[in-house]
Amino acid sequence: MSVFGRLAGLVAARGNALLTAAVLVAAVAYPFLFPGYAINSMTMAICYGIGIVALKLLTGYGGQFSLGHSAFFALGSYVAFILAPTIGFAAAVAVAGIAAALLGALLGLAGLRIKGHYLGLLTFMVALALFQMPKASALAPITGGSSGLFYRAPLPATTPAARDVWWYWIVLAVALAITVGVHFLLRSRFGRALQASRDNALAAGALGVDTALVDVSAFAVSGAFAGIAGGLLAGVIGYISYDSFPYTLSILLFVGMTVTGARSLPAAYLGGALIVFVPTWAHDITSRLSWAVYGGALLALLYIQVNAPRLLQRLTGREATRPVGDVS
Amino acid sequence: MAGGWGSVVVLLQQVLTGLATGAVYSLLALALVVIHQTTHHLNLAQGEMATLSTLTAWQLLSWGVPYWAAFAVTLALSFAGGAAIQRLVMHPLRGGNALVQFAAMIALFLLVNSVTNAIWGPNARAFPSILPARPLFEGAPISGQRVGIILVGGALVVVLYLFLRRSRLGLNLRATAANPVPARLAGIAVDRMRMIGWGIAATIGAAAGMLLAPIVTLDPQMMFNVLPFAFAATIVGGVSSPLGAVVGGLVIGVVEALVTIYAPALGRELKLSLLFVAILAILLVRPEGLFVRRTGARL
Amino acid sequence: MPAIAASVGRGARLAIRDLRVGFGGVAALDGVSLDAAPGEIIGVIGPNGAGKTTLFNCISGTVRPSAGTILLDGAPLGRLPPHRRARIGVTRTFQNLALLDSLNVLDNVRLAAEQAGRQRSAAARADATRLVAALGLDAIARGPVGGLPVGTRRKVELARAIAGRPRLLLLDEPTSGLSEMETADVIAILRAQHAALGFTALLVEHQMPVVMALSDRIVALDFGRKIADGTPGAIRRDPLVLAAYLGAAS
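All values derive from a computational prediction rather than experimental measurement. (Residues numbered from 1 in each chain as written. Chains lettered and ligands numbered in written order. Predicted model: local features only at pLDDT ≥ 70, side-chain atom pairs only at ≥ 80, totals over all residues. Heavy atoms only, no water.)

## Here's the deal with the overall build of chain B
Stage number 1. Across its full length, chain B carries twelve helices and zero strands.
Stage number 2. When the helices and strands of chain B are read in sequence order from the N terminus, they spell out α-α-α-α-α-α-α-α-α-α-α-α.
Stage number 3. For chain B, the C-alpha radius of gyration of 19 Å lies close to 19 Å, the compact-globule estimate for 299 residues.
Stage number 4. Across its three principal directions, the C-alpha atoms of chain B cover 70 × 55 × 35 Å.
Stage number 5. Buried positions account for 55% of the 299 residues belonging to chain B.
Stage number 6. For chain B, the proportion of contacts with a sequence separation of at least 24, taken over those separated by at least 6, is 73%.
Stage number 7. If you sum the accessible surface of chain B, you get close to 12500 Å²; carbon and sulfur atoms cover 68% of it. (Helix = DSSP H or I, 4+ residues; strand = E, 2+ residues; numbered from the N terminus. Rg over C-alpha atoms; globule rule 2.2 N^0.38 Å. Buried < 20%, exposed > 50% of the residue type's maximum accessible area, 1.4 Å probe, protein only. Contact = heavy atoms within 4.5 Å. Areas by Shrake-Rupley, 256 points an atom, 1.4 Å probe, with all protein chains shown as cover.)

Here it is in structure tokens:
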């Protein structure tokens, strides 16, 4: 085996541990290294990262496609802001999680009937439908209509800069708790059942796994985390309106999940950073075609991801082998 | 106030209007079903591709190309474009799993949408219709252009249906999707079938776009707004049934038109929410679609 | 082995009455009745398309029969979904191997163990570890199941089905694609586990020596009907069975 191959093997085996350590160190050091404006962007990136962790649980491990996670963000943010003045922000975010879990369970029930790309499109419709709802005249008295809602969470800080730092640590703590929680959830009885259901629902059922229950639960849990992330993010920004969490966020979350490896949890936060920063970069390259740049870059990444093993083999001069029966 | 006859005429008018929009939904739904039947994918970018085609047609018309020539050239270009996208974008990613394929379609969606916006800008444009916009005859409950949509759309649906069900190429397309390995062993050029499938779907989408454009606003968002309805049509009709997609599209068009007139507030503000609730209800009660006969055993 | 020993002698009594399954006018099972006493191993033989796998699918609940009943210790399985059947001790292997590729070897077995009983996670894990060792799989227990040779994969499936604390074990061609040595290995494992656990078993198998070696009784199916039912010795000489096999072979 070449040196390169051995190195690749080491990274593959220890990659996740290394990445986790790197992400943690960076997260703790960040507010000291980059105080001021940039901290706010990073707080938002972590919120999106929570959303991607939720998506990895559902899609990466559970095999159910969701292009509707912006809907959980939106629902969570509205529930949090509507309830926060009465029950306090922390409790409101918790209720936001529960509300998002209920929506998730509903989608999970639909997911029992349609799979794959169809489920992806159905959830996309949820993102579109929920986008429309806060503006409806019947709901406007609660949702603030098209002018949105303001809420300033009470924090033990007075200056805007100090508030930003507080938010950073709060969001980071929640993100850590959720990520560690998902990590252990995946290694629990439920996690094994979830992956079994994804791999082969028929076999999982024959082994005693209630695949329907597991799939619906996964959707509810994933929705809850995304809803919590939405509530937090709303708190960080202090203002929400119907277009705070547009359907494009669903797309960005899904892409963030795909390009950072569907089954690597710490990498989710790299995905979150991509959501915050890449559109700006793409816009800097060309404002008219920024989404085209984004789409093109995504295709290039996917191409590398799919064909990397073959390209690597060609690079190291070994015969490329294709599995028998691979004709797709 | 509107008496008995008046309300019947209004109802009839709305049903016919709904059938015209529904015919367009049917067409786009059919495009979705065709791609599904040839590649087992659901093309998220289908609507964006159709918008691109329609704006291409608009460009040809604005250069002075006669209507039917522009129509035909656009269909041909769309076929080539769809096939090219399959060959250049989807084919190199064939080794990826369903997740990768889905992400690729998201990328396509963003790319096509962005390019369309960059070329034509966000402004709405007027697109001519085959038949005049005035009522078909004095006092007729439907405009000429909607009759045109129903006729042309209906004809295309019939042709496609026969093509998929009866022709050899249609059979090969369906065999490719059902199971590519034996299809290849049986001598079917699977890769070419996939290109043709994408080409056909793009062509149908283009036709749907050109029919729809006169009665809605033609801008880069046009088909994006229609795609949820076409998707709903495939759910109503059963995801793998061409006939179901057609019937589903018509049903949704009519229901939408009725909601618009009888519950205007709902129809204007919560159209998509209603649509979603309806889809969810259908999935929970009759997941195989309303028009697919239940089959006994499965596995 | 306390956890496993507790279930010794808990083989279920299986009674199948007049089972019928139709696939669009073609009867896959056409009135099959079958009895198995607790702890009995019944070989199910017949040419391809005779309805053997359909019979298994009916018992494990993935195919709903159009008529007939399946009784486990006298209680009809009715419309019980597959996972509930697994939890009352109906476990199976698959002809086309259905290992879970996301999980390693141990977790494949552990999953079955923890779904089967309401036992605590640690107990299920201990059960799984013991079984994996008993089947000689401990060297690869932490490795992925993808890429394992067929013989090993069959063993993992066997371990998984046994970890589910079977009262009725359905074995769908457990030695298909195996070498002579691997086949002997599987037969030895089945004998040892059967002696220890006392499960009832149905065994679908094309290799007659395997069926003869393991079965207390053999049932022969052809075109969805039962054409013979008797001891291995009697079945070997049964003219109808010979005709069905010769007919299928020609």
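## Let's talk about the packing of aromatic side chains
Stage number 1. Under the counting rule described, the total for this entry stands at 23 aromatic pairs over all chains.
Stage number 2. Sitting over the face of the ring of Trp58(B), Arg125(B) holds its NZ or CZ atom 4.4 Å from the ring centroid.
Stage number 3. It is Arg92(C) that lies over the ring of Phe94(C); its NZ or CZ is 4.3 Å from the centre. (Phe/Tyr/Trp six-rings, centres within 6.5 Å; stacked < 30°, edge-to-face > 60°. Lys NZ or Arg CZ within 6 Å of the ring centre and 35° of its normal.)

## Details of unusual backbone geometry
Residue and element names in this part refer to chain C.
Stage number 1. In this model, Asp73 sits at a positive phi of 50°, which is unusual for a non-glycine residue.
Stage number 2. Relative to the assigned elements, Asp73 resides in the loop between strand E4 (67-72) and strand E5 (75-76).
Stage number 3. Asp73 gets classed as partly exposed once you look at its relative accessible area, which sits at 41%.
Stage number 4. Its identity as a non-glycine residue notwithstanding, Arg165 has a phi of 50°, on the positive side.

## Description of the sheet that holds E5(C)
Residues and elements named next belong to chain C.
Stage number 1. Spatially, four strands are ordered E2-E1-E4-E5 in an open sheet, and the strand pairing comes out antiparallel. A single partner strand is all that each edge strand has here, and the edge strands are strand E2 (26-36) and E5.
Stage number 2. In the packing of helix H2 (residues 52-60) onto the sheet, contacts are made with strand E1 (14-23), E2 and E4, and the angle to E1 comes to roughly 115°. (Pairing = 2+ DSSP bridges. Axes fitted to C-alpha atoms, helices over the stretch in contact; angles between N-to-C directions.)

## Observations concerning helix H4 (residues 98-120) of chain B
All names here are of chain B.
Stage number 1. For H4, spanning 23 residues, the distance from its first C-alpha to its last is 33 Å, which sits close to the expected 33 Å at 1.5 Å a residue.
Stage number 2. Where burial is concerned, most of H4 is hidden: 18 out of the 23 residues are buried.
Stage number 3. Phi turns positive one or two residues past the end of H4, at Gly121, with a value near 70°. (Expected span 1.5 Å × (residues − 1).)

## Some details on the interface of chain A and chain B
Stage number 1. At the junction of the two partners, chain A supplies 52 residues and chain B supplies 50 residues.
Stage number 2. Carbon and sulfur atoms make up 78% of the surface buried where chain A meets chain B, a total of about 4700 Å² over both sides.
Stage number 3. Of all residues in chain A, His117(A), Tyr118(A) and Met125(A) give up the largest surface area on contact with chain B, accounting jointly for 17% of the area buried on that side.
Stage number 4. Applying the counting rule to chain A against chain B returns zero salt bridges.
Stage number 5. Per element, the largest residue contribution to the side of chain A that touches chain B is 13 residues, and it comes from helix H13 (residues 290-315) of chain A.
Stage number 6. Partitioned by chemical class, the residues of the side of chain A that touches chain B number 35 nonpolar, 13 polar and four charged. (Buried area = accessible area lost by both parts, 1.4 Å probe. Salt bridge = Lys/Arg side-chain N within 4 Å of Asp/Glu carboxyl O. Nonpolar A, V, L, I, M, F, W, Y, C, P; charged D, E, K, R; others polar.)

## Focus: the environment of Arg191(C)
Residue and element names in this part refer to chain C.
Stage number 1. As for its position among the elements, Arg191 is in helix H7 (residues 180-197).
Stage number 2. For Arg191, a relative accessible area of 47% translates into the label partly exposed.
Stage number 3. When the C-alpha atoms of Arg191 and Leu214 are compared, they prove to be 7.4 Å apart, with 23 residues separating the residues in sequence.
Stage number 4. In contact with Arg191, not counting residues within four places along its chain, are Ala213 and Leu214.
Stage number 5. Within the local environment of Arg191, its side chain forms a polar contact with the backbone oxygen of Ala213, the two atoms lying 2.9 Å apart. (Polar contact = N/O pair within 3.5 Å; in protein donor to acceptor, adjacent residues only side chain to side chain.)

## Describing helix H5 (residues 116-132) of chain A
Stage number 1. Compared with an ideal rise of 1.5 Å per residue, which puts 17 residues at 24 Å, H5(A) spans 25 Å between its outermost C-alpha atoms and is within 8% of the ideal.
Stage number 2. The buried count for H5(A) comes to 15 of 17 residues, which makes it a mostly enclosed element.

## Some thoughts on the pairing of strand E9 (residues 217-222) of chain C
Residues and elements named next belong to chain C.
Stage number 1. Buried residues dominate E9, accounting for six of its six residues.
Stage number 2. With burial as the criterion, each face of E9 is covered, one bearing Arg217, Val219 and Leu221 and the other bearing Ile218, Ala220 and Asp222.
Stage number 3. With five bridges joining them, E9 and strand E10 (residues 225-230) adopt antiparallel strand pairing. Directly across from Asp222, in E10, lies its bridge partner Arg225.
Stage number 4. Between E9 and E10, which pair antiparallel and follow one another directly, the connecting turn spans two residues, one of which, Phe223, has a positive phi of 50°.

## Some words on the confidence of the model for chain B
Stage number 1. Looking at chain B as a whole, its pLDDT mean stands at 83, while 90% of the residues score no less than 70.
Stage number 2. In the model, residues 294-299 of chain B has pLDDT below 50 throughout and makes eleven contacts with residues more than four positions away in sequence or in other chains. (pLDDT = per-residue confidence, 0-100.)

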